[in-house]
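Spelled out from the first residue to the last, the chains are:
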Protein chains: 2
Amino acid sequence: MSATSRLPEYLVKMQKELDRAMEFWLKNSHDEEYGGFFTCLGKDGKRFDDLKYCWLQGRQVWMYSKLYNSIPRFHTEEVLQAARAGGEFLMKHVKSSDGMKCNFLLTRDGKPVKIQRQIFSESFYLVGLAELARATKDDKYKKEAIAMMDQIVHWIRVDGSGLGRPALSGAPPVNALAVSMTCIYLIKELTWDDPGLYEKYAELEQWSLDQTLAHVQRQGSVVLEIVSTDGKELPGSQGRIMNPGHAIEAGWFLLQLAVDRKDDKLKKIALENFMINPYLLGWDKEHGGLFAFLDADGLSPTQLEWNMKLWWAHNEALISFLMAYKETKDEQYLKYFEQVFDYSFKHFADLDSDHGEWFGYLTQAGTINQDIKGGPFKGCFHVPRCFMMCEEMLRELLDKK
Amino acid sequence: MSATSRLPEYLVKMQKELDRAMEFWLKNSHDEEYGGFFTCLGKDGKRFDDLKYCWLQGRQVWMYSKLYNSIPRFHTEEVLQAARAGGEFLMKHVKSSDGMKCNFLLTRDGKPVKIQRQIFSESFYLVGLAELARATKDDKYKKEAIAMMDQIVHWIRVDGSGLGRPALSGAPPVNALAVSMTCIYLIKELTWDDPGLYEKYAELEQWSLDQTLAHVQRQGSVVLEIVSTDGKELPGSQGRIMNPGHAIEAGWFLLQLAVDRKDDKLKKIALENFMINPYLLGWDKEHGGLFAFLDADGLSPTQLEWNMKLWWAHNEALISFLMAYKETKDEQYLKYFEQVFDYSFKHFADLDSDHGEWFGYLTQAGTINQDIKGGPFKGCFHVPRCFMMCEEMLRELLDKK
């Protein structure tokens, strides 16, 4: 049986589960009183905490806006209004009152609880507003997104002291995959429909690409999360840590870039170094699923959750392998897709309940470790983004067949 | 069969395993070149990272000094010299160059990598030097410990801004069990042999005790990790979180205090609220072992490792239940001790190898999740402290019998 025979089944599943996931968020996550989104939600959507995690505020604004802009059945007043309300919450509360630094955690009514000395609250603030600008045709959101982009670039490339980290002599700057791949992602989100604006960031994109590719180490066999700024492996646990889901996610960022640039060499790197190798290393041969962390020397990662199966890595793998198949028509990628699809819908999905959205955290053996659908790091993002992108890719593949 | 019949067996085991654990650290953890201790050590003692975690530097100085001072077979020049070298490393590198704030993480040669905005590096700095002063009879270590104590008290009770945390309107001060119980511990470690110095901290001790007791909530049925400064349960996940091992550890701190004060009411609280209740709630009825975290409403804790079994909690439970038996002669406590003893030596201990010291991290089912003996948070402390204290208590119990 050809690996393509299940494509229609995949499309039906992705459509249906996207609808169920979005129903979960539309029904349970809106804070009608203070604005913004609740994300600490149990399996039936019941709220277990009122705190608002800011990565997830920006991501949900992006998700709603993107669905409104891309998928006709989500082009509704309800989705648009919720996206706009979320965007206003971002600008009013997520951005701190004294500058461009964003909060990490807020009380329900928007008071700051925690600020990370990182660029990620800011990154999701940016992509949320950039997509909201497309949904609302309101240029103020795009202007704000560009201003934040320029601030992030300043922190990364000119002077990071505004992030609040003390300069410590034992902690020289490093090249973190999370930062370099995020840059590629931010440029794409901000500029894909604006070639003039893209030009402004073209040099940054090349720099981010070089930084990202520097994570391929040990004769191309591994992608390491943290390397030195001159592209060398760092000593100790930090230097050996691998996050297969992260590498695979970077894979589809790079594949998109390779397709945009018609760069076959980059395409090969995206497919082989960032998708296949991390997948083959990261897939648990005994129980199935992708490990959260691995040590490149095969030692015990010190991260306690190293062998847990985290939902988002599986979402990224589904996107990556379907995109790889779409761009190459090599059925091997569909076989990887099938393996992740079957594992994920068996273990993460909550198919027999009235409530969509996946569980997030499984034990190594695949049992549910936390029976929540949303939490401090899981919101309305990876699951619906994956379903939406897969639906679109499958639609294209099946129309073409 | 009386629960007391195994006491001689326990004594033999504690002695033998203390020797094996200390052999592991004496052999593998000393950095002869730069001073200080390596703690990132695999199951056979092989080093997997050179970084030096400062909590563990202070703790190891304390452990060596305490063993030197208390247990004749460790009253050796080797142990004393290692303790002294560790103490010099503390004063030279763990304390930051510009004030009393301590580093959290150092490079091998002592350069700062990370600073926590907490009081714990400082706390273990203090106890390490206080015990080293007793071992060396060198008053400079005691003076330094007292200076650090006064700094910590200032941060906790007068002005915490020196810790470096920004004041955020959504994050009012809270009463964290980790801080209040640590105060009790620090006063005891610093002053047990110096009644004059104790007087200086008597009011602080009463305050710390009141703060600690405020964690007993819900009609005495639970100990919550974080409560409001006026002793109320806080909303959300943070307010519901329980750490059974932590509560049980506080139990023996409080029991010591109750014995010192001849306070029967406090003794009852220590035994019932801090030992028995958290133990009965926290013990995994299916697989055995103490859960790392629980939610007081029975929801999924958001901590990914909530259902893992962490070594230190079991060390604390062994100390608590043996101390409870010693102070009450109620054999029920020996039955709890037996349950923890049998589980722990079956699952954490590495009995069939040439290398002592326990593994630290088990899955819920009791299998080894990380095959390391030391790491960023596990050093030469909980295991040998437990064995040493149990050996001493068992010796006393058996002499008296």
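Residues numbered from 1 in each chain as written. Chains lettered and ligands numbered in written order. Predicted model: local features only at pLDDT ≥ 70, side-chain atom pairs only at ≥ 80, totals over all residues. Heavy atoms only, no water.

Asks: How would you summarise the overall build of chain A if you had to cite specific residues and measurements?
Replies: Counting its secondary structure elements, chain A contains 13 helices and 12 strands. For chain A, whose C-alpha radius of gyration is 20 Å, the value lies close to the compact-globule estimate of 21 Å for 401 residues. Dimensions of chain A along its principal axes, counting C-alpha atoms only, are 55 × 50 × 45 Å. By the burial criterion, 62% of the 401 residues in chain A qualify as buried. The long-range fraction of contacts in chain A, counting pairs at least 24 apart against all pairs at least 6 apart in sequence, stands at 67%. Carbon and sulfur atoms make up 52% of the accessible area of chain A, which amounts to about 15500 Å² in all. (Helix = DSSP H or I, 4+ residues; strand = E, 2+ residues; numbered from the N terminus. Rg over C-alpha atoms; globule rule 2.2 N^0.38 Å. Buried < 20%, exposed > 50% of the residue type's maximum accessible area, 1.4 Å probe, protein only. Contact = heavy atoms within 4.5 Å. Areas by Shrake-Rupley, 256 points an atom, 1.4 Å probe, with all protein chains shown as cover.)

Asks: An account of the packing of helix α3 (residues 77-94) of chain B against helix α5 (residues 139-158) of chain B is needed here, citing residue identities and associated values.
Replies: Residue and element names in this part refer to chain B. It is the contact of α3 with α5, at a shortest axis distance of 12 Å, that shows an interaxial angle of 40°. If you check the angle between α3 and α5, you find them oblique. The hand of the α3/α5 crossing is left-handed. Across from R84, E88 and M91 in α3, the residues of α5 making contact are K140, Y141 and E144. Considering only residue class, the contact of α3 with α5 consists of two nonpolar, no polar and four charged. (Axes fitted to C-alpha atoms, helices over the stretch in contact; angles between N-to-C directions. Parallel < 35°, antiparallel > 145°, perpendicular 65-115°, else oblique. Left-handed = near helix turned anticlockwise from the far one by under 90°. Nonpolar A, V, L, I, M, F, W, Y, C, P; charged D, E, K, R; others polar.)

Asks: Could you give me a rundown of the side chain of S320 of chain B, with the residues and numbers involved?
Replies: Residues and elements named next belong to chain B. As for its position among the elements, S320 is in helix α11 (residues 311-328). Judged by relative accessible area, S320 falls into the buried class, the value being 0%. Non-local contacts of S320, meaning those with residues more than four positions away in its chain, are made with I248, G251, W252 and M275.

Asks: So, the interface of chain A and chain B: which residues are in play, and what are the values?
Replies: Contacts between chain A and chain B engage 33 residues on the former and 33 residues on the latter. Both faces combined, the contact of chain A with chain B buries some 2600 Å², and carbon together with sulfur accounts for 56% of it. Among the secondary structure elements, those contributing two or more residues to the side of chain A that touches chain B are β3 (112-114), α8 (236-240) and β12 (368-370) of chain A. At four residues, the largest contribution of residues to the side of chain A that touches chain B is made by α8 of chain A. Here the side of chain A that touches chain B is built from residues that sort into 14 nonpolar, 12 polar and seven charged. (Buried area = accessible area lost by both parts, 1.4 Å probe.)

Asks: Please provide a residue-by-residue account of a negative patch on the surface, values included.
Replies: Judged by side-chain charge, E23, D44, D354 and D371 of chain A come together as a negatively charged surface patch. If you trace the backbone, D371 of chain A turns up in the loop between β12 and α13 (382-400). (Patch = residues over 30% accessible without salt bridge, like charges linked within 9 Å, V, L, I, M, F, W, Y side chains within 5 Å. Salt bridge = Lys/Arg side-chain N within 4 Å of Asp/Glu carboxyl O. Lys, Arg positive; Asp, Glu negative; His and termini not counted. Charge placed at Lys NZ, Arg CZ, Asp CG, Glu CD.)

Asks: Kindly report on the pattern of salt bridges, identifying the contributing residues and their values.
Replies: This model, assessed by the stated rule, comprises 68 salt bridges over all chains. Across the salt bridge formed by D193 of chain A and R134 of chain A, the nearest N and O atoms sit 2.8 Å from each other. Highlighted residues: D193 of chain A in the loop between α6 (177-191) and α7 (195-213) and R134 of chain A in helix α4 (residues 120-136), separated in sequence by 59 residues. Given a relative accessible area of 39%, D193 of chain A falls into the partly exposed group. On the basis of relative accessibility, which here comes to 13%, the residue R134 of chain A falls in the buried class. Across the salt bridge formed by R395 of chain B and E391 of chain B, the nearest N and O atoms sit 2.7 Å from each other. Within this pair, R395 of chain B and its partner E391 of chain B are both found in helix α13 (residues 382-400), separated by four residues, close to a single helical turn.

Asks: Would you mind going over the side chain of E144 of chain B in detail, with residue names and values included?
Replies: Inspection of the secondary structure assignment puts E144 of chain B in helix α5. Excluding residues that lie within four positions of it along the chain, E144 of chain B makes contacts with M91, K95, M100, Y125 and L129 of chain B.

Asks: Which residues make up the sheet that holds β12 of chain A, and what values go with them?
Replies: Residue and element names in this part refer to chain A. If you walk across this open sheet you meet the three strands as β10-β11-β12, and the pairing is antiparallel. Two strands lie at the open edges of the sheet, namely β10 (309-310) and β12, each paired on one side alone. For strand β11 (residues 361-362) and β12, the ladder comprises two bridges, and the chain directions are antiparallel. Looking at β12, one finds that L362 is bridged to I368. (Pairing = 2+ DSSP bridges.)

Asks: Any details on the relation of the copies chain A and chain B? Residues and values, ideally.
Replies: Each of the two chain copies goes to the other by way of a rotation about an axis and a shift along it. When chain A is fitted to chain B, the residual RMSD is 0.0 Å, and the transformation amounts to a turn of 180° plus an axial shift of 0.0 Å. Such a combination of turn and shift is consistent with a two-fold rotation axis. Every residue of chain A has its C-alpha some distance from the rotation axis, and the shortest such distance is that of E305 of chain A, at 3.3 Å. (Least-squares fit on C-alpha atoms with pLDDT ≥ 70 in both.)

Asks: Summarise the packing of aromatic side chains; cite the residues concerned and give the values.
Replies: All names here are of chain A. Taken as a whole, this structure holds 60 aromatic pairs over all chains when the rule is applied. Relative to F377, the ring of F104 lies with its centre 6.1 Å away and its plane at 45°, an arrangement referred to as tilted. Placement of the pair is F104 in the loop between α3 (77-94) and β2 (105-106) and F377 in the loop between β12 and α13, with a sequence separation of 273 residues. Accessibility expressed as a relative area gives 5% for F104, which makes it buried. Above the face of the F38 ring, K52 is positioned so that its terminal group lies 5.2 Å from the ring centre. Just above the ring of W155 sits the side chain of K101; from NZ or CZ to the centre is 5.8 Å. (Phe/Tyr/Trp six-rings, centres within 6.5 Å; stacked < 30°, edge-to-face > 60°. Lys NZ or Arg CZ within 6 Å of the ring centre and 35° of its normal.)

Asks: So, the environment of L213 of chain A: which residues are in play, and what are the values?
Replies: Among the structural elements, L213 of chain A can be located in helix α7. Ignoring any residue separated from it by four or fewer positions in sequence, one finds L213 of chain A in contact with L254, L266, I269 and F274 of chain A.

Asks: Could you give me a rundown of the sheet that holds β3 of chain A, with the residues and numbers involved?
Replies: Residue and element names in this part refer to chain A. Judged by pairing direction, the sheet is antiparallel, and its three strands sit side by side in the order β1-β2-β3 without closing on themselves. Strand pairing shows two members of the sheet lacking a second neighbour, β1 (52-53) and β3, which therefore form its edges. The pairing of β1 with β2 spans two bridges and is antiparallel. Bridge pairing in β2 links Y53 to L105.

Asks: Residue-level account of the nonpolar core, with values.
Replies: Y64 and F337 of chain B are the most contacted members of the largest nonpolar core, which totals 141 residues. Beyond its immediate stretch of four places on either side in the chain, F337 of chain B contacts Y10, M14, L318, F321, L322 and C390 of chain B. F104, A258, Y361 and F381 of chain A belong to the second largest nonpolar core, which has 140 residues in total. (Core = buried A, V, L, I, M, F, W, Y, C linked by side-chain atoms within 4.5 Å.)

Asks: Hey, could you go over helix α6 (residues 177-191) of chain B for me, with residue numbers and the actual values?
Replies: If you check α6 of chain B, its first and last C-alpha atoms are 21 Å apart, about what 15 residues at 1.5 Å a residue would give, namely 21 Å. Here α6 of chain B lies mainly inside the structure; 13 of its 15 residues are buried. (Expected span 1.5 Å × (residues − 1).)

Asks: Give me the lowdown on the confidence of the model for chain A, citing residues and values where you can.
Replies: Confidence along chain A averages 97 in pLDDT terms, with 100% of residues attaining 70 or more. In the predicted assembly, ipTM is 0.95 and pTM is 0.97. (pLDDT = per-residue confidence, 0-100.)

Asks: Can you explain helix α2 (residues 54-70) of chain B? Please cite residues and give values.
Replies: Helix length check: α2 of chain B, at 17 residues, gives a terminal C-alpha distance of 24 Å against a target of 24 Å (1.5 Å per residue), a fit within 8%. Of all 17 residues making up α2 of chain B, 15 are buried, and the element is well covered by its neighbours.

Asks: Help me get a handle on the environment of K200 of chain B, residues and values and all.
Replies: All names here are of chain B. Within the fold, K200 resides in helix α7 (residues 195-213). Owing to a relative accessible area of 46%, K200 belongs among the partly exposed residues under this scheme. As a C-alpha pair, K200 and I187 span 13 residues in sequence and 9.8 Å in three-dimensional space. Here Y201 takes part through its side chain, which lies 3.3 Å from a polar atom of the side chain of K200. (Polar contact = N/O pair within 3.5 Å; in protein donor to acceptor, adjacent residues only side chain to side chain.)

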